[in-house]
Every structure is written in C-alpha cells, then in structure tokens.
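Coordinate inspection notes
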Amino acid sequence: MKAVRYALIALTALLVGCASSGGSHKSYSSSELKKQQKDVWERIRKGFDMPNLDNDPKVDYWTNYYAARPTSIQTMAQRSSRYIYYITKELEKRNMPSELALLPFVESAYNATALSRSKAAGLWQFIPSTGTHYNLAQDWWKDERRDTVHSTRAALDYLSYLYKFQGNDWHLALASYNWGEGAVRRARERNAAQGRGTDYLSLRMPNETRDYVPKLLAIKRIIANPAKYGVTLPHVPDQPYFVEVVKDKDIDVSTIVRLAGISDEEFRLLNPANKRQVILGEHRTRILLPKKNIAQYEKNLKQHKGELSSWKGYTPTPGESLATIAQRHGISLESLKSMNGYGRNQNVAISSRTLIVPRTGVSMNSSPSGIDTRDIANPIADSATMLASNQVNLPVQTPPIRQVNPDVRLGAVNSNPQARLVSTATRRPPALPVPASPAAEVPPTPTAEPPNEDLIASLVANPTGNAPSQQTSTVTQTPAPVAPATYSATYNPATSTVGTRAASAPMYTQRTSGGSVVHTVVAGDTLYSLSRRYGTTVENIRALNNLGAREIRTGERLRMPGSGVQS
C-alpha cells in the first residue's frame, strides 16, 4: 500500500513538472524565425517560450530593481552584442527557449572574461570540474570555459540534460544550474513525501536560487518591452558578429591583430579562452574574428611575406633539462622558464607540454616581431574581470548595506557523473554593474532577512562597458539586498520610504498655474521610476517632453502626464 502511495505521489510530481515546463509550442513558427529580424532583440522576443511566474512578487521586485538601473542593463546589452546572436541561433537549432540567451545577463553580465571568486569562468560561469565534465579543455594554453563557441555548446548540453532530468521543467532546470541537480531533486523528493507541490515555487531553497529564475524573468520583461521601463537597448544586427578561423600555422597574436585591423581588446574579447600571445599551428586553434574584418585579414594574410611568428613550439623528450633546451635555442635559461611558466627551482621540462622557443636565435632584447618575452609568458586570461569580490569598496549607486555572511553558491556543477552539483565550494553570482550616475534608492525592507550581496555583475569602470585590457583590474561591487521571502508586490524603489523620510511628496515636484505637474530631475531619477511615481508611462513622459531616445539629465524640468503623485 505504501508503495502505491509513493507511486501516486511520484506520478503527480511528474505531471506537475510537465504542466509547468513549456517548450511544447512556439509563438512563431521555425520558418518565421529563419527570416532576418529587425535586430537580435526581436529574434529573441519571437523565441520566448518559457513559462512566466506571474504570481511571484519576486519577479516584480527584480524588474523594479533592474529598471531603476537602466544604464547597467544597457551596458550589459552592449557587451552581449558580440555573442548573443550566436547563442540565440544555437538555441533555435535545439528548439530551446530564447530566454536562455539572457541567462548570461544573470550569470556574468555578459562579460566573457568574467572570473568568480570560486574560479567559475566565462559567460556561462563554469567551475573547473564541470568544465572538465563537459569537455572544456583547461590547460596552460587555453581555457575553453571562456570560449564562446565551446562554452555555449557545453551550457546548452547541460541545460538540456537538466530539463529532462527535472521532468521537462525549465524553472527546475535553471534552479539546478544554480543550486545543483542533486539538491533540487532531494528538495522535490522531500516535498513529494510530504504531499506538497514539487514545482519551483513550492520548494525550499537558498535565497540565491529562489531569486535566480525571477531575475531571469525580470530581464525578460525588460527586453520584451524596453520602452516601458525606460531602457534603450543598443542596436544589435540580426546577423553573425564573428567568423571562425582555424589556424594551422604558428602565428603571433600581434600579427593577427595587425592583419585583421582590429584592436588587442577586440581580439581578447572574442578569444578570451586563449591564454598566450602566440598560437601554435599544431594545436589547430580556432580563433574568432569580426565578420566585417575577415576579408581584410585574408587579403593581408595572403600578401604577408616572411614568418607569421617569432616563436615556435618545441616538445621536450622525457627527462630533458631546461638548460639544454635553452642553450639549443639561443635563449637564457631564465627567459625560457619565464616564457613557459616554470618556477625558479624547476630544471626538467614537462614532456607532456609544448614549450615556446624562439623560431631563430632570438636574444632576450631583440625579438624579430617586437614581442617581449615577458608578454609571451603573461597569460591573456589574467586580465579577466574578477566577479563577486568583497575586498574592494568603490562608490556604488545604492546606500551601503550591512553585509552578513556573504552567500556562497550551494551545489556547483560537479564533474562526478554519479553526484553532479552537490559540492558546496561553488560559483558566486556576479554583482550589478554600476552606472555612471546613481539610480533610485533601494530601501531595506523591515521584514527582510539579513541581506546578502545581490550581484549581477562586477563591472570594472570603463566608458565603453568592456572589461579593461590591463593585467590587473579594479573591481567595482554593488551591494544590494536579496529579495526577502515576503514583501509587497507593488514595491517601488522610487516611492518607498527610507526611515522616516517619505519619498512620495518630493520638494522637487511643483504645479503650474494651469494645474500641470512639473518635476525637476534629481540624481537617482529614471524615466521608469518617474512613470511609477506619477502613475503614467515612460512613453508618455518622452512624448510630452519631446525627449526622443535620449536620457534625462539632473536639473532638467519635466512636465508629467496625469494629475498627481502616486503615494
């Protein structure tokens, strides 16, 4: 009898999972998606197929949170422009919801060089063990967790597996990606045994995981209707940004950059997996170059005279000394060790690892291609932006919030096929990028649990919105509260009360003799926060004040549609 009861519970859990899974139909046919759209955002919107959590107040919370920081959303969207078309097309090939193309907003702020404190790397934030499990090579030469093509393949493989593992439920699949498939499965089993629901909203889980899907769905809302939230998305053409090129000859990165007519930064952002300043032909490395530059690169490559690299690979024999190799190739032992990552006390070469040596007798001070041997030694990947660091406190857009026990992700992706995602030493989520101007205050909620860090991206201050190319990066962190378990679904940062100061009756709101409301813009105002405050829409404010697509400015006087301030 007990066996029958558990069988019925398991069947109920499976039906609930299937009912909430989505993915059974598309709003647009595949033939419609084969057509070129006006931009990549339109392509993504047409592929939305993931169930919403319309009754979950956390989605409203995070929508308001991100909408109050439009510059951060715009920065992340601009960063995505190199990668998001490729990811979206890969999702279409697999008939997966296009919402997943927005997941790197939550994971890494679309920073391809992102590196978390727990060593999760790249757009999809793979930890080393899971990267290994999904065949992402990680060695002295490269780290494919950062590679757009390889990491996307691995991420979509893993998400597809989780979707099936959790009964064809995308919400549970995403919870598993964040928390761990084993942790989610055990939570479902506990609920099923107690006769409770086994869907995402019914499970007891860490705050970070409980907020994970609402964050993604909040980003989805904004991408679906950016004008409503006062966000201007950058134009990203609905076409490939990059082209893949396989290198079967030794070539210096500096030579590639020169022949393609691109910057060092552009190469690094397209090829963040590459750790060295030289690419060996024997590795048959695939590099990415901007599509618009490929013709120039091929033409210049064909016309190039002489060697493409000042360096070549050398495979040591077992037991061969580094001193012998250095002497044979006309370079000092110290330089050879430095170039190849050997310590001062290491004297025997590692036979399984190819060394970089001068192609001809290159002295320490005269490299034919002008490459300093120290540049060869320095890993390109060392310039990655470190996420989730709480060691640096730079100016942020929200008031400082007391940190209590910063959250560490529970259940990271684990390479153990018997028990994936059960480790407690895992990825941390990134922090929200800090816009140039402060946004509306996010007040602490009296009933909230002790706040952790929010973290959608630790964005280094940079006017272009890209990670800097220096070897060491200054990290910016934005502390923010984790959405509490209970709060008002109509929570609005722009109209909430902080302490005893009521924000709903601002001194900078005036009425003209004709009765219309004029608002003087102060630091922290956004079009979305003003639309909520005055009970109107972003579109109406833009139209009434002839704003066009530009952003509002501090001190500017705006006429407000409607008759009064929302309290």
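Everything quoted here is computed from the prediction, not taken from an experiment.

Another aspect to go through is the overall build of the protein. The secondary structure content of the protein amounts to 20 helices and eleven strands. By the burial criterion, 54% of the 567 residues in the protein qualify as buried. In the protein, the share of contacts with a sequence separation of at least 24, taken over all contacts with a separation of at least 6, comes to 73%. Approximately 24500 Å² of the protein is accessible, and the part contributed by carbon and sulfur atoms is 52%.

Our focus in this paragraph is unusual backbone geometry. In terms of backbone geometry, most residues other than glycine have negative phi values and most peptide bonds are trans. Even without being glycine, asparagine 95 reaches a positive phi, approximately 60°. Mapped onto the secondary structure, asparagine 95 falls in the loop between helix 6 (84-93) and helix 7 (103-108). Of note in the backbone geometry, asparagine 135 takes a positive phi value of approximately 60° without being a glycine. Following the sequence through the fold, asparagine 135 ends up in the loop between helix 8 (128-133) and helix 9 (148-165). Owing to a relative accessible area of 60%, asparagine 135 belongs among the exposed residues under this scheme.

Moving on, we come to the side chain of threonine 148. Within the element layout of this structure, threonine 148 appears in helix 9. Not counting chain neighbours up to four residues away, the residues in contact with threonine 148 comprise Tyr83, Tyr86, Leu123, Phe242 and Leu288.

With their axes 8 Å apart at the nearest point, helix 4 (residues 57-67) and helix 12 (residues 207-224) run at an angle of 55° to one another. Regarding the angle of helix 4 to helix 12, the classification is oblique. At the point where helix 4 passes helix 12, the crossing takes the right-handed sense. Each of Lys58, Val59, Asp60, Trp62, Thr63, Tyr66 and Ala67 in helix 4 lies in contact with helix 12, whose residues at this interface are Arg210, Asp211, Pro214, Lys215, Leu217, Ala218, Ile219, Arg221 and Ile222.

Before going further, it helps to spend a moment on helix 4. Within helix 4, nine of the eleven residues are buried, which leaves the element mostly enclosed by the surrounding structure. Contact partners of the buried residues in helix 4: helix 5 (70-80), helix 12 and helix 19 (527-533). Where helix 4 begins, the capping side chain belongs to aspartate 56, and its oxygen is found 3.1 Å from the backbone nitrogen of lysine 58.

Here the focus is the packing of helix 10 (residues 170-179) against helix 12. Between helix 10 and helix 12, the shortest axis-to-axis distance is 9 Å and the interhelical angle comes to 125°. Regarding the angle of helix 10 to helix 12, the classification is oblique. Judged by the twist between their axes, the crossing of helix 10 over helix 12 is right-handed. On the side of helix 10, the interface is formed by His171, Leu174, Ala175, Tyr177, Asn178 and Trp179, while helix 12 contributes Glu208, Thr209, Tyr212, Val213 and Leu216. Split into classes, the residues belonging to the contact of helix 10 with helix 12 amount to seven nonpolar, three polar and one charged.

A word on the pattern of salt bridges. Here the structure, examined in full by the defined rule, presents 19 salt bridges. Lysine 58 serves as the salt-bridge partner of aspartate 211, at 3.2 Å between the closest nitrogen and oxygen. Highlighted residues: aspartate 211 in helix 12 and lysine 58 in helix 4, separated in sequence by 153 residues. Each member of the pair, aspartate 211 together with lysine 58, is buried. Arginine 286 is the partner of aspartate 147 in a salt bridge, and the nearest nitrogen-oxygen pair spans 3.0 Å. With aspartate 147 in the loop between helix 8 and helix 9 and arginine 286 in strand 4 (residues 286-290), the pair connects residues that are 139 residues apart, well separated along the chain.

Right, let's talk about the environment of asparagine 293 for a bit. Along the chain, the position of asparagine 293 falls in the loop between strand 4 and helix 15 (294-303). Considering only alpha carbons, one finds asparagine 293 and valine 243, 50 residues apart in sequence, at a separation of 9.2 Å. When neighbours within four sequence positions are excluded, asparagine 293 is seen to be in contact with Ala260, Gly261 and Ile262.

A separate point is the confidence of the model for the protein. Caution applies to low-pLDDT regions: their predicted coordinates should not be interpreted in detail. Taken as a whole, the protein shows an average pLDDT of 74; of its residues, 66% reach a score of 70 or greater. For residues 9-25, every residue scores under 50 in pLDDT, and the model assigns this stretch 24 contacts once sequence neighbours within four places are set aside. Here residues 361-386 is modelled with pLDDT under 50, and outside its nearest four sequence neighbours on either side it reaches 66 contacts, counting other chains as well.

It is worth spelling out the nonpolar core at this point. Counting residues in each nonpolar core, the largest one holds 85 residues, and the members touching the most others are Trp41, Ile84, Trp124, Leu159 and Tyr177. Judged by nonpolar contacts, the second largest core, of 17 residues, contains Leu280, Trp311, Tyr314 and Met339.

The next point concerns helix 9. Relative to the 26 Å expected for 18 residues at 1.5 Å per residue, helix 9 spans 25 Å between its end C-alpha atoms, a close match to the ideal helical length. Here helix 9 has its buried residues at Thr148, Val149, Ser151, Thr152, Ala154, Ala155, Leu156, Tyr158, Leu159, Leu162 and Tyr163. If you follow the buried residues of helix 9, they end up packed against helix 6, helix 7, helix 10, helix 11 (181-193), strand 1 (242-246) and strand 4. Capping of helix 9 at its N-terminal end is provided by aspartate 147; its side-chain oxygen lies 2.9 Å from the backbone amide nitrogen of valine 149. Immediately beyond the C-terminal end of helix 9, within one or two residues, lies glycine 167, with a positive phi of roughly 70°.

So, how was this worked out
Residues numbered from 1 in each chain as written. Predicted model: local features only at pLDDT ≥ 70, side-chain atom pairs only at ≥ 80, totals over all residues. Heavy atoms only, no water. Helix = DSSP H or I, 4+ residues; strand = E, 2+ residues; numbered from the N terminus. Buried < 20%, exposed > 50% of the residue type's maximum accessible area, 1.4 Å probe, protein only. Contact = heavy atoms within 4.5 Å. Areas by Shrake-Rupley, 256 points an atom, 1.4 Å probe, with all protein chains shown as cover. Axes fitted to C-alpha atoms, helices over the stretch in contact; angles between N-to-C directions. Parallel < 35°, antiparallel > 145°, perpendicular 65-115°, else oblique. Left-handed = near helix turned anticlockwise from the far one by under 90°. Polar contact = N/O pair within 3.5 Å; in protein donor to acceptor, adjacent residues only side chain to side chain. Nonpolar A, V, L, I, M, F, W, Y, C, P; charged D, E, K, R; others polar. Salt bridge = Lys/Arg side-chain N within 4 Å of Asp/Glu carboxyl O. pLDDT = per-residue confidence, 0-100. Core = buried A, V, L, I, M, F, W, Y, C linked by side-chain atoms within 4.5 Å. Expected span 1.5 Å × (residues − 1).

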